[in-house]
Amino acid sequence: MKRAAAKHLIERYYHQLTEGCGNETCSNSWCASSVGFNRMDNNAAAVKALELYKVNAKLCDPHPSKKGTASAYLESSARSNSACLNRKMNHKDVHSVRDNFRDVNYLTEEKVYEILDICGEKEDYSPLIRVIGRVFSSAEGLVESFRRSKPHTKEELKSLQGKDEDKDEDEKEAAACSATAMDDSPASSSSSRLGEGSSEKNDVQKLAPDEVSVDIEAVRRVYERLLSNEKIEAAFLNALVYLSPNVECDLTYHNVYSRDPNYLNLFVIVMENSNLHSPEYLEIALPQFCKAMSKLPLAAQAKLTRLWAHYSAEQIRRMVETFQQLITYKVISNEFNSRNLVNDDDAVVASTKCLKIVYYANVLGGDLDMEHNEEEDEEPIPESSELTLQELLGEERRNKKGPRVDPLETELGIRTNDCRRPLIPFEEFVNEPLNEVLEMDKDYTFFKVETENKFSFMTCPFILNAVTKNLGLYYDNRIRMYSERRITVLYSLVQGQQLNPYLRLKVRRDHIIDDALVRLEMIAMENPADLKKQLYVEFEGEQGVDEGGVSKEFFQLVVEEIFNPDIGMFTYDERTKMFWFNPSSLENEGQYTLIGIVLGLAIYNNCILDVHFPMVVYRKLMGKKGTFRDLADANPVLHQSLKELMEYEGSVEEDMMITFQISQTDLYGNPLMYDLRENGDKIPVTNENRKEFVAQYAEYMLNKSVEKQFKAFRRGFHMVTNESPLKYLFRPEEIELLICGSRNLDFLALEETTEYDGGYNRDSRIIKEFWETLHSFGEEQKRLFLQFTTGTDRAPVGGLGKLKMIIAKNGPDTDRLPTSHTCFNVLLLPEYNDKEKLRERLLKAITYAKGFGML
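All of these numbers come straight from a predicted model, not from anything done at the bench. (Residues numbered from 1 in each chain as written. Predicted model: local features only at pLDDT ≥ 70, side-chain atom pairs only at ≥ 80, totals over all residues. Heavy atoms only, no water.)

## A short note on the overall build of the protein chain
Helices and strands together make up the secondary structure of the protein chain, namely 41 helices and 12 strands. Buried positions account for 51% of the 855 residues belonging to the protein chain. Taking as baseline every contact in the protein chain between residues at least 6 positions apart, the subset at least 24 positions apart corresponds to 75%. For the protein chain, the exposed surface amounts to about 41,000 Å²; the carbon and sulfur share of it is 49%. (Helix = DSSP H or I, 4+ residues; strand = E, 2+ residues; numbered from the N terminus. Buried < 20%, exposed > 50% of the residue type's maximum accessible area, 1.4 Å probe, protein only. Contact = heavy atoms within 4.5 Å. Areas by Shrake-Rupley, 256 points an atom, 1.4 Å probe, with all protein chains shown as cover.)

Shown next, in the form of structure tokens:
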């Protein structure tokens, strides 16, 4: 049988299965008009039509009352020969016969406007609504829609015709005549989807990694015209509900993207719908679509990311708001708790995975710095000489190579830290309602176990705020400490030796640097794994038991000593109030390594340090070198001078007389000359090479001049944090917050969250007078109070509202001073008779407090 005739019969079977013959009394079991017929989707109907054709099943004649598809196809069949002989036939004549456009199975911008104009003349938009419903509910139809216009090649026409052995001239002419109509038929679309034709693959091969074959501007124009009509908008909504499950099935079981990469087109088209975030979509349509989109393979996600990276900030923000609105809606409409985890909600999980694609598009489309990366440590951080718990049990050690990397990052070849300025701020990706209901202990478990059936939001850290991520890091640190204790116990049993399960430091308050750094140096050399044990500090001659508070004071005292300008390890800038590595320091590299260990231990033991580094230090710790723009924070005066040099409109060489040799001052005030280029003193800075001069100057100041000191510092830091998810979870500005705490002290928030014990409550007289007194203190006095009560004068991550302080009654009126348990943030306050006495006793306690004793 000729292919054209066979194709026509299959099309008639298909329309019989989807729309019927129109006879209400039809007895054909394979006709949609028959009683009891089970409706099927377009995919199933296309497959069934092929089966019916093979067995030569009964084919209904169109009923006279049926003025639809079947009669249109009969008329089309009767006229097909004359149509092919006259290849210049006007397509509008065909449409006058098919007034309901039932032969339209894919859309172009022109076709939409044509149907819209006809519907507008008749003031009846139902044909357009039916076309939208049919095309937008069909994956095949949507994939073929809104293609970028290009001439058809002979190979494409040949592939549209198929791979039949019968390739006579009549067949070829028929294909050329009806290429436009044929490529949107169910059978043809289905074969294209299954990868039987070569034209689609050829199209994709010609596209760049960040291109798709859909005309995005045309899609936007179409949406803009159609979405103003409420009835037409409902058609998009209903079609998406029908489309999404089929797409999810295609991606999950049929591996459709690898056979036809143009399948990505439908996601591009749907996401251009600016009404996706409206309430009508949030219940069913958008959750189902997100589930389908989350099934995209990694290569498809990367291509979508590269495409969206070219979008404007407003378009990225619209997509972010779409997914964020769905997440928020699902969170507030459900009661999530430890038994009903938000991790088990398919819609929230799927929309978070979709949001990750937009997040990396936001990164990739921002201001990237892919070049200036810090070199890895030449010497690997030494492994522990002890057996690990897994090795003792005969297993391999997990995460031996450090923290994980997101697969999409690897596929794209970028890191979040490569982005200096994203298209929209990173903060817009954080979902606060989700953070409030997330059970972080459970989520951390899923993160570490890495099972496919349990999703962890820690794999998408962009959606978590700093407080939640800090809690995840806390669990990781505590579990690692617990693991080290168990390893020590097992190792003791094997070796028969009594080992210490803690990292014990016994120090003299007057010789804290000597005692602490010498002990840490020994540990770092002998067994670095001991640094990952829980820190336990004891001050010689003092009775304090370290439950956290003694460690806080230890870190505070160490930092005060280390950053003392008299020691000469760091320089202090009075204008910026920042410290920087002293390039001419007389201290050896080992001292800087120990300082890095101290910083790492502070994070590991959840202690806040009063250190003041410019942001470039944290960027360098995360693997990025300092550049010219980092000078704005580290050395604003020099940055301004170099900026003026770059913007100078006159002759730089004649007016400024600068060369590629710069001068620095050493520890004793002596000038040191440095050539930015070989024989730099003989190379003048000109308008042409000033950009290179500025870049080299910044490179020297932030990297080369302190290379030895910083490498040692970073090495010490990584000795403690190398296996931590720190790099995976946090950005440089969040690392600073983690180490230094918040500089914003909101004592009203602290008052709201404070708890009371021993007979006090919020309405007690003494408590009201206490808060009135504290709020009347100056900034320095408030910091002293925090230092006295909590062991640090900085607020934790999230502000003072996250600090769980307790005020407990410590007896009746007395002359004793208030005391505190800094380990547990407890203030022991006697019930003084009047407010003046309370103020006087409290000020004396916070001003002269030092040391630990037993109460």
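## Side note on the nonpolar core
Core analysis: the largest hydrophobic core is formed by 184 residues, its most contacted members being Phe 136, Trp 308 and Phe 554. Looking at this core, the element that brings in the most residues is helix H21 (residues 346-364), giving 11 residues. Here Phe 136 is in contact with Leu 107, Leu 142, Phe 146, Tyr 223, Phe 236, Ala 239, Leu 243 and Ile 269, once residues within four sequence places are set aside. In this structure, Leu 745, Leu 750, Phe 785 and Leu 803 belong to the second largest nonpolar core, which totals 26 residues. (Core = buried A, V, L, I, M, F, W, Y, C linked by side-chain atoms within 4.5 Å.)

## Let's talk about the sheet that holds strand E9 (residues 755-757)
One open sheet holds the 4 strands; their spatial order is E9-E10-E12-E11, and the pairing between them is mixed. The two strands at the open ends of the sheet, each matched to only one other strand, are E9 and strand E11 (819-821). Neighbour-to-neighbour, the strand axes of the sheet open up by a mean angle of 25 degrees, direction not taken into account. Bridge count between E9 and strand E10 (residues 806-809): 3 bridges; the pairing is parallel. By the bridge assignment, Glu 755 is partnered in E10 with Ile 806. (Pairing = 2+ DSSP bridges. Axes fitted to C-alpha atoms, helices over the stretch in contact; angles between N-to-C directions.)

## Quick notes on the environment of Asp 406
Along the chain, the position of Asp 406 falls in the loop between helix H22 (389-392) and helix H23 (407-412). Taking C-alpha positions, Asp 406 is 8.7 Å from Cys 460, a pair spaced 54 residues apart along the chain. Discounting residues that sit within four places of it in the chain, Asp 406 has contacts with Lys 356, Tyr 360, Thr 459 and Tyr 728. At 3.1 Å, the side chain of Asp 406 and the side chain of Lys 356 are in polar contact. (Polar contact = N/O pair within 3.5 Å; in protein donor to acceptor, adjacent residues only side chain to side chain.)

## Some details on the pattern of salt bridges
Taken as a whole and judged by the stated rule, the model has 38 salt bridges. A salt bridge links Arg 480 to Glu 723; the nearest nitrogen and oxygen atoms lie 3.2 Å apart. Of this pair, Arg 480 sits in helix H26 (residues 466-495) while Glu 723 is found in the loop between helix H35 (707-721) and helix H36 (726-729), placing the two residues 243 residues apart along the sequence. (Salt bridge = Lys/Arg side-chain N within 4 Å of Asp/Glu carboxyl O.)

## Here's the deal with the environment of Asn 275
Structurally, Asn 275 can be placed in the loop between helix H16 (265-271) and helix H17 (279-282). Remark: the alpha-carbon pair of Asn 275 and Leu 227, spanning 48 residues in sequence, is separated by 8.0 Å.

## Some details on the packing of aromatic side chains
The geometry of an aromatic ring pair comes down to the distance between the two centres and the angle between the two planes. Enumeration according to the criterion identifies 34 aromatic pairs in this entry. Consider the rings of Phe 429 and Phe 462, whose centres lie 6.2 Å apart with planes at 85 degrees: the pair is edge-to-face. Of the two residues, Phe 429 is situated in the loop between strand E2 (419-421) and helix H24 (432-437) and Phe 462 in the loop between helix H25 (440-449) and H26; the sequence distance between them amounts to 33 residues. For the pair formed by Phe 429 and Phe 462, the shared burial category is buried. Pairwise contacts between aromatic rings join Phe 563, Phe 570, Tyr 572, Phe 579, Trp 580, Phe 581, Tyr 592, Phe 613, Tyr 618, Phe 710 and Phe 713 into one cluster. Over the ring of Tyr 113 we find Arg 225, and its NZ or CZ is 4.6 Å from the ring centre. In this arrangement the basic side chain of Arg 504 is found over the ring face of Tyr 536, its NZ or CZ atom lying 4.4 Å from the centre. (Phe/Tyr/Trp six-rings, centres within 6.5 Å; stacked < 30°, edge-to-face > 60°. Lys NZ or Arg CZ within 6 Å of the ring centre and 35° of its normal.)

## Some points on the pairing of E10
In this sheet, strand E12 (residues 826-829) lies alongside E10 in parallel orientation, the contact comprising 4 bridges. Bridge pairing links Ile 807 to Leu 827 in E12.

## Digging into the side chain of Arg 731
Mapping Arg 731 onto the fold places it in the loop between H36 and helix H37 (732-740). Classification of Arg 731 as buried rests on a relative accessible area of 12%. At 2.8 Å, the side chain of Arg 731 and the side chain of Glu 733 are in polar contact. Not counting chain neighbours up to four residues away, the residues in contact with Arg 731 comprise Thr 416, Asn 417, Phe 426, Glu 427, Lys 469 and Met 622.

## What about the confidence of the model for the protein chain?
Of all residues in the protein chain, 82% attain a pLDDT of 70 or more, and the chain-wide mean is 80. Ranking the helices and strands of the protein chain by mean pLDDT puts H21 first, with 96, and helix H11 (residues 186-193) last, with 36. Residue range residues 151-205 is modelled with pLDDT below 50. Its contacts to residues more than four positions away, or to other chains, number 81 contacts. Counted against residues more than four places away or in other chains, residues 384-402, with its pLDDT under 50, gives 38 contacts. (pLDDT = per-residue confidence, 0-100.)

## As for a negative patch on the surface
A cluster of acidic side chains, namely Glu 653, Glu 654, Asp 655 and Glu 688, defines a negative patch on the protein surface. The topology assignment puts Asp 655 in helix H33 (residues 652-656). (Patch = residues over 30% accessible without salt bridge, like charges linked within 9 Å, V, L, I, M, F, W, Y side chains within 5 Å. Lys, Arg positive; Asp, Glu negative; His and termini not counted. Charge placed at Lys NZ, Arg CZ, Asp CG, Glu CD.)

## Observations regarding the side chain of Asn 265
Position of Asn 265 relative to the elements: it lies in helix H16. Residues in contact with Asn 265, not counting those within four places in the same chain, are Val 143, Arg 147, Val 212, Ser 213 and Val 214.

## Describing the state of the cysteines
Counting across every chain of the model gives 0 disulfides. The thiol of Cys 26 is not disulfide-bonded; the next cysteine sulfur, from Cys 60, is found 3.6 Å away. (Disulfide = S-S within 2.5 Å.)

## Brief notes about the packing of helix H18 (residues 285-293) against helix H20 (residues 313-332)
Running from amino to carboxyl end, H18 crosses H20 at an angle of 115 degrees, the nearest separation of the two axes being 11 Å. The way H18 lies across H20 gives a crossing that is left-handed. Residues Leu 286, Pro 287, Cys 290 and Met 293 of H18 lie in contact with H20, whose contacting residues are Thr 322, Phe 323, Leu 326 and Lys 330. Residues that form the contact of H18 with H20 fall into these classes: 6 nonpolar, 1 polar and 1 charged. (Left-handed = near helix turned anticlockwise from the far one by under 90°. Nonpolar A, V, L, I, M, F, W, Y, C, P; charged D, E, K, R; others polar.)

## Describing helix H14 (residues 230-253)
Over its 24 residues, H14 extends 35 Å from the first C-alpha to the last, a length consistent with the 34 Å expected when each residue adds 1.5 Å. At Leu 243, H14 shows its maximal bend, which comes to roughly 30 degrees, and the proline Pro 245 appears one to four places after that position. Looking one or two residues beyond H14, the residue adopting positive phi is Asn 255, at roughly 50 degrees. (Expected span 1.5 Å × (residues − 1). Bend = angle between axes of the 7 residues up to and from the residue.)

## Considerations on the packing of H14 against H18
Packing of H14 against H18 leaves a shortest axis separation of 8 Å and a crossing angle of 20 degrees. Relative to H18, H14 is oriented roughly parallel. Two packed elements cross with a definite hand, and for H14 against H18 that hand is left-handed. Facing Leu 237, Leu 240, Val 241, Ser 244, Pro 245, Val 247, Glu 248 and Leu 251 of H14, the residues of H18 in contact are Ala 285, Gln 288, Phe 289, Lys 291 and Ala 292. Taken together, the residues of the contact of H14 with H18 sort by class into 9 nonpolar, 2 polar and 2 charged. (Parallel < 35°, antiparallel > 145°, perpendicular 65-115°, else oblique.)

## A short note on helix H41 (residues 835-848)
For H41, which comprises 14 residues, the first-to-last C-alpha distance of 20 Å matches the rise-based estimate of 20 Å (1.5 Å per residue) to within 8%. Among the residues making up H41, those that are buried are Leu 838, Arg 841, Leu 842, Ala 845 and Ile 846. One side of H41 holds all its buried residues, which, seen down the axis, span an arc of 125 degrees. Residues Glu 836 and Tyr 848 are exposed on H41 and point more than 90 degrees away from its buried face. Along its buried surface, H41 packs onto helix H39 (765-776), helix H40 (779-790) and E12. (Arc of directions from axis to C-beta.)

## So, unusual backbone geometry
Its identity is not glycine, yet Asn 606 carries a phi of approximately 60 degrees, on the positive side. Mapped onto the elements, Asn 606 comes out in the loop between helix H29 (589-604) and helix H30 (615-621). Despite not being glycine, Met 657 has its phi angle at roughly 55 degrees, a positive value. On the secondary structure map, Met 657 appears in the loop between H33 and strand E7 (661-665).

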